[in-house]
Amino acid sequence: MSSKTINIIVKIWRQNGPHAKGSFEDHALKDISTGSSFLEMLDVMNEALANKGIEPIAFDHDCREGICGMCGAVVNGTAHGPEKETTLCQLHMRSFKDGDTIIIEPFRATGFPVVKDLIVDRSALDRIIQAGGFVSVNSGSPQDANSILIPQHIAEQAMDAAACIGCGACAAACPNAAPMLFIGAKISQLALLPQGQHEAKTRAVNMVSCMDENGFGNCGNERVCENVCPKGISIRHIARMNREYLKGSFFRDE
Amino acid sequence: MSWFIQTCRSSLGKKYIMALTGFLLGGFLLVHTIGNSTIFWGREAFNAYAHHLHSLGIFVPIFEIGLYSIFFIHVITGVLLWLQNRKARGPQKYEVQTNPGGRTWGSQTMIYTGATIFVFILIHLANFHFVEKTEVLTISDIVTKVLNNPGFTLIYIIGMSVLALHISHGFWSLLQTFGINDPQYNAPIRVVTWAVAAIMITVFVLITLLLVVSQNQLLG
Ligand code: SF4
Ligand code: FES
């Protein structure tokens, strides 16, 4: 594919620290290759800033291949930018036109306080995982794989849920700032498989109460999350979480 | 009991409360629609229906207290959720507000349509419930009088439209909250939930319009 170049104006959020007051800053960028990724465009901008003696924009990234969940920002009002099922690192500049103004903001939510510029603290998601996103298995010698039977369609659904990379875009985009799609995906992934079923009920209750403690909102079934999720996770997993939580609250068997 | 309180206070618990009370209020609305349709058969039928309801005696106040409680639980929980969600969203709004998909008119306006319906129901109760009904001035006379006032005609039509918007999201949403979501049924569920809302509201609007065009329907 032939690569051309575009000139753009980047309007980007600048915030010095968690308690500092932030504001937008404009930068005109020339000759950005449409073949470059969004993060590469930010790299180019940062290099130019550094050369001018200005502090570069801080942003999170790691794998740059859409699997780690580190990257993420809200681009022109959409978490991870305009392309469906695409992380910010996999977004390419060919999605933009010459002369475009691109507005870049950090993920915003009370549960995701800004650390600096575009970097937000998403450790709340780690705490939610610690509250129940695991299976307690005593390790021993592996048993024969065929001794645990899992129908193909169940395995498929569990794999769909397991595709969640924990980026937090669902909570950032949610009108109520609820990471329900994230929790729903984690709960589904484990509740669908035999190894995770034993702890399914307590897991749902513990993860949801951890979510509440971390200042997130309540799901209003707005469905924005499934529309921004870079892994295309469906709210059907939120429905499964709702069922697991009902069972966990009302039929504990304890 | 502590588990019960804990569940009710959690975010999901509050959603279950909204869903359950919403479902019960919807059920009441359905019965109310069916009952009110007797108006299409004229004054006698409508008055007879009202009379029949009142002859239930002690069950009437018991039912009313139950209904008011469900209603207030729905309203209070809804306001609590709204406040919590505003807080969770944080003071700094996004510079660009978009809808990447998913949100509907109904889902975006739940708290506002809810507040409007609240005011509408107060007006509605003042019109028909807390008024003196006598042998001479029956419920059908009152209904005809109120709905023939152009101001009230408008208020009732607006009230009904707003209610339709509220239910267009609410009915589907409560099913999702109870975990009823399966690709096999999702399309029919969406259609049925919209259709139920549309049918109920159409009946109410038709009643209002009927009384505007044909005053004699209830004067008989
Ligand atoms: S559910 Fe999707 S949007 Fe939410 S954290 Fe997982 S991958 Fe990101
Ligand atoms: S940097 Fe790893 S998913 Fe984008």
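Everything here concerns the structure above.
About the criteria used
- Residues numbered from 1 in each chain as written.
- Chains lettered and ligands numbered in written order.
- Predicted model: local features only at pLDDT ≥ 70, side-chain atom pairs only at ≥ 80, totals over all residues.
- Heavy atoms only, no water.
- Contact = heavy atoms within 4.5 Å.
- Buried area = accessible area lost by both parts, 1.4 Å probe.
- Polar contact = N/O pair within 3.5 Å; in protein donor to acceptor, adjacent residues only side chain to side chain.
- Helix = DSSP H or I, 4+ residues; strand = E, 2+ residues; numbered from the N terminus.
- Nonpolar A, V, L, I, M, F, W, Y, C, P; charged D, E, K, R; others polar.
- Buried < 20%, exposed > 50% of the residue type's maximum accessible area, 1.4 Å probe, protein only.
- Near = heavy atom within 4 Å.

Draft legend 1. Seen up close, the interface of chain A and chain B. Opposite the 50 residues of chain A that make contact, chain B presents 40 residues. When the two sides are added together, the surface that chain A and chain B hide from each other amounts to roughly 3700 Å², 52% of it contributed by carbon and sulfur. Interface area lost by chain A to chain B is led by N218(A), N221(A) and E222(A), which between them contribute 17%. For the pair chain A and chain B, the number of links is 33 residue pairs in polar contact (both at pLDDT 80 or more). Breaking the side of chain A that touches chain B down by element, the ones donating at least two residues are β1 (5-14), β5 (101-105), α4 (169-173), α7 (200-213), α8 (224-228) and α9 (236-250) of chain A. Broken down by element, the residue count for the side of chain A that touches chain B peaks at 10 residues, all from α9(A). Classifying every residue of the side of chain A that touches chain B by side-chain character gives 27 nonpolar, 13 polar and 10 charged.

Draft legend 2. Unusual backbone geometry, seen in detail. Residue and element names in this part refer to chain A. With a phi close to 55°, D31 is a non-glycine residue in the positive phi region. With respect to the element layout, D31 can be found in strand β2 (residues 23-33). Judged by its relative accessible area of 56%, D31 is exposed. Look at R64: it is not a glycine, yet its phi comes out positive at around 60°. With respect to the helices, strands and loops of the structure, R64 is situated in the loop between α1 (38-51) and β3 (74-75). Taking relative accessible area as the criterion, R64 reaches 25% and is therefore assigned partly exposed.

Draft legend 3. Representation of the site of ligand 1. In the vicinity of ligand 1, the contacting residues are C164(A), I165(A), G166(A), C167(A), G168(A), A169(A), C170(A), L181(A), F182(A), C229(A) and P230(A). Each residue belonging to the shell around ligand 1 can be placed in one class, and the counts come to nine nonpolar, two polar and no charged.

Draft legend 4. Focus on the environment of D253(A). Its location among the elements puts D253(A) in the segment after α9. Spatially, the C-alpha atoms of D253(A) and K201(A) are 9.7 Å apart, while their sequence positions differ by 52 residues.

Shape is all these values report; function is a separate question.
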